[in-house]
Amino acid sequence: MGSADIDMSNSNGLEYCKEYPRLKILPANDQIKELQTILRDRNTSRSDFKFYADRLIRLVIEESLNQLPFTECNVITPTNSTYNGLKYKSGNCGVSIVRSGESMEQGLRDCCRSIRIGKILVESDADTHEAKVVYARFPEDIARRHVLLMYPIMSTGNTVSKAVNVLKEHGVKEECIILSNLFCTPQAVQTILQSYPRMKILTSEVHPVAPNHFGQKYFGTD
């Protein structure tokens, strides 16, 4: 069965993980489904929307951090015992795609207090509707870092493609890019992972209909 033949209407997209091993989806449970339902409900108030969006963002960020490389380390406990643990390898940062991606910045800071965050602004040309990068600002040493690229809603993959190209132009390795995402469509998964097969996507759901009202609702501009 080809990707275009997969019926995603009653699934969170796990079928796509078989075709694209670098697609990671949050483990399905009732709590996550409830959050997704609230965010898709047109009757959800803006205050509730932001509250529950922040909850889902936190879950996605936490799982995205699990995709980063760790190294072993030993620490001495208050009772003078040795504990064999883990710590992040140095060199991680976040990059948000303005504006909706900025909704995920606080969730990342809540988990990684001192992490550096860059920004990319992608806009569509009024006449040609072609997406263009009009602003990008990163840590100077971003080429040596693993990057959590934050963009909550991915419908076509065009905006993310432009952002990934800019990161690669700045020396970031494709396999060091992890897209932290809330909702994406099958088309977007196919577009991104066929073009950039060594990057990862971490999302809560793959569904044919993306809640494209997310940014306006979250920031109160709807």
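Now for a quick tour of the structure.

Analysis parameters
Residues numbered from 1 in each chain as written. Predicted model: local features only at pLDDT ≥ 70, side-chain atom pairs only at ≥ 80, totals over all residues. Heavy atoms only, no water. Helix = DSSP H or I, 4+ residues; strand = E, 2+ residues; numbered from the N terminus. Rg over C-alpha atoms; globule rule 2.2 N^0.38 Å. Buried < 20%, exposed > 50% of the residue type's maximum accessible area, 1.4 Å probe, protein only. Contact = heavy atoms within 4.5 Å. Areas by Shrake-Rupley, 256 points an atom, 1.4 Å probe, with all protein chains shown as cover. Lys, Arg positive; Asp, Glu negative; His and termini not counted. Charge placed at Lys NZ, Arg CZ, Asp CG, Glu CD. Axes fitted to C-alpha atoms, helices over the stretch in contact; angles between N-to-C directions. Parallel < 35°, antiparallel > 145°, perpendicular 65-115°, else oblique. Left-handed = near helix turned anticlockwise from the far one by under 90°. Nonpolar A, V, L, I, M, F, W, Y, C, P; charged D, E, K, R; others polar. Disulfide = S-S within 2.5 Å. Salt bridge = Lys/Arg side-chain N within 4 Å of Asp/Glu carboxyl O.

## Side note on the overall build of the protein chain
Of regular secondary structure, the protein chain possesses 7 helices and 12 strands. For 222 residues, the compact-globule formula gives about 17 Å, and the C-alpha radius of gyration of the protein chain, at 18 Å, lands near that figure. Projecting the C-alpha coordinates of the protein chain onto the three principal axes gives extents of approximately 60 × 40 × 40 Å. When burial is assessed residue by residue, the protein chain has 45% of its 222 residues classed as buried. In the protein chain, the share of contacts with a sequence separation of at least 24, taken over all contacts with a separation of at least 6, comes to 62%. Surface summary for the protein chain: the accessible area is close to 11,800 Å², and the carbon and sulfur share equals 45%. The averaged location of the 26 negative side-chain charges in the protein chain is 6 Å from the averaged location of its 27 positive side-chain charges.

## What to know about the packing of helix 2 (residues 30-40) against helix 3 (residues 46-65)
Their axes nearest at 9 Å, the elements helix 2 and helix 3 cross at an angle of 140°. Comparing their axes, helix 3 and helix 2 come out oblique. Helix-helix and strand crossings are classified by hand; for helix 2 and helix 3 the assignment is left-handed. Two secondary-structure elements touch here, helix 2 through Gln31, Ile32, Leu35, Gln36, Ile38 and Leu39 and helix 3 through Phe49, Tyr52, Ala53, Arg55, Leu56 and Leu59. Its residues placed into classes, the contact of helix 2 with helix 3 shows 9 nonpolar, 2 polar and 1 charged.

## Focus on the state of the cysteines
Per the counting criterion, the structure on display carries 0 disulfides. Sulfur of Cys93: no disulfide; nearest cysteine sulfur belongs to Cys176 and is 10 Å away. With relative accessibility at 11%, the residue Cys176 sits in the buried group.

## Some remarks on unusual backbone geometry
Cis geometry marks the peptide bond from Val98 to Arg99; its omega dihedral reads 10°. Structurally, the position occupied by Arg99 is in the loop between strand 4 (92-98) and helix 4 (105-111). Although it is not a glycine, Asn80 sits at a positive phi angle of roughly 65°. Mapped onto the fold, Asn80 is located in the loop between strand 2 (70-76) and strand 3 (82-88).

## Thoughts on the pattern of salt bridges
According to the stated counting rule, one finds 12 salt bridges in the structure shown. For Glu205, the salt bridge identified is with Arg40, shortest N-O distance 3.0 Å. Here Glu205 is found in strand 12 (residues 205-206), whereas its partner Arg40 is found in helix 2, with 165 residues between them in sequence. Linking Arg198 and Glu174 is a salt bridge whose minimum nitrogen-to-oxygen distance equals 3.9 Å. Of this pair, Arg198 sits in the loop between helix 6 (186-195) and strand 11 (200-203) while Glu174 sits in the loop between helix 5 (158-169) and strand 9 (177-180); the two residues are 24 residues apart in sequence, bridging distant segments of the chain. Taking relative accessible area as the criterion, Glu174 reaches 4% and is therefore assigned buried. Shared partners join several salt bridges into a network, and the residues in it are Glu102, Glu105, Arg109 and Lys119.

## Focus: the side chain of Lys217
Here Lys217 is to be found in helix 7 (residues 214-219). The exposure class of Lys217 is buried, given its relative accessible area of 13%. If sequence neighbours within four positions are ignored, Lys217 has contacts with Arg42, Thr44, Ser45, Arg46, Phe49 and Asp222.

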